[in-house]
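Residue-level listing of the chains:
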Amino acid sequence: MTKKYELPKLPYDLDALEPVISAEIMDLHYNKHHQAYVNNLNAALDKLEGADLGGQIALQSAIKFNGGGHLNHSIFWTNLASPSAGGGEPPRGALADAINRDFGSLDNFIKQFNAKTAPIQGSGWGWLGCDEKGNLKIATCANQDPLQPTTGLIPLLGIDVWEHAYYLVYKNARPKYLEEIWKVVNWQNVAERYEKTKG
């Protein structure tokens, strides 16, 4: 029997990220979109068990898309926090040092990240990742392609730029969404992910 994946529990209430991300967006994004990735991933994996080689090959795109959607969103939710729980507080310690080393400053990093992520055509993700030497890099991935298998970088911070992540509040102004989301980035979570890469 194939392992069944489940929607991870959100570490905050649906309205915790307002006004940056509305409760309505969170409800649709988490309970509908992320749940659909989980359901479709489980369905594809069930079909995989009894499939012949041709069927297994045919299922790979569904597994990549829905598995990537589940993986990416599971990271994304933990990368965010309400301001009352530390969201938006600048990074400290080793992560702050690495950002300063590789980007000059946090402000420079955010400018570079937004400049690279805003122009993604269609749907995708902007990422802060770490290579095998501990260097921080900005990368983008199309659709639900997961960062590590796609680029070799370990994911630290992912920002979803699919329209469902922001359209109800920001309409077609993706750059405004990218400007505002830093107010709820959970840098403590990003720092913990960075520390694990060094272990």
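Residues numbered from 1 in each chain as written. Predicted model: local features only at pLDDT ≥ 70, side-chain atom pairs only at ≥ 80, totals over all residues. Heavy atoms only, no water.

(A) Fine view of the environment of Glu 163. Along the chain, the position of Glu 163 falls in the loop between strand E3 (154-160) and helix H6 (167-170). The class for Glu 163 is partly exposed, based on a relative accessible area of 45%. Sequence spacing of Glu 163 and His 29 is 134 residues, and the spatial spacing of their C-alpha atoms is 10 Å. (Helix = DSSP H or I, 4+ residues; strand = E, 2+ residues; numbered from the N terminus. Buried < 20%, exposed > 50% of the residue type's maximum accessible area, 1.4 Å probe, protein only.)

(B) Region of the structure containing unusual backbone geometry. In this model, Glu 18 is joined to Pro 19 through a cis peptide bond whose omega is 0°. Position of Pro 19 among the secondary structure elements: in the segment before helix H1 (23-50). A positive phi is found at Asn 143, a non-glycine position, where the angle reads about 50°. With a phi close to 55°, Lys 171 is a non-glycine residue in the positive phi region. With respect to the helices and strands, the residue Lys 171 is situated in the loop between H6 and helix H7 (174-180). Its relative accessible area of 45% is what places Lys 171 among the partly exposed residues.

(C) Here's a closer look at the nonpolar core. Core analysis: the largest hydrophobic core is formed by 52 residues, its most contacted members being Phe 109, Leu 136, Tyr 177 and Trp 187. Excluding residues that lie within four positions of it along the chain, Tyr 177 makes contacts with Phe 76, Ile 159, Asp 160, Val 161, Ala 165, Tyr 166 and Tyr 170. One finds Leu 41, Ala 44, Ala 51 and Ile 63 within the second-largest nonpolar core, a separate group that totals six residues. (Core = buried A, V, L, I, M, F, W, Y, C linked by side-chain atoms within 4.5 Å. Contact = heavy atoms within 4.5 Å.)

Treat this as a map of the structure, not an account of what it does.
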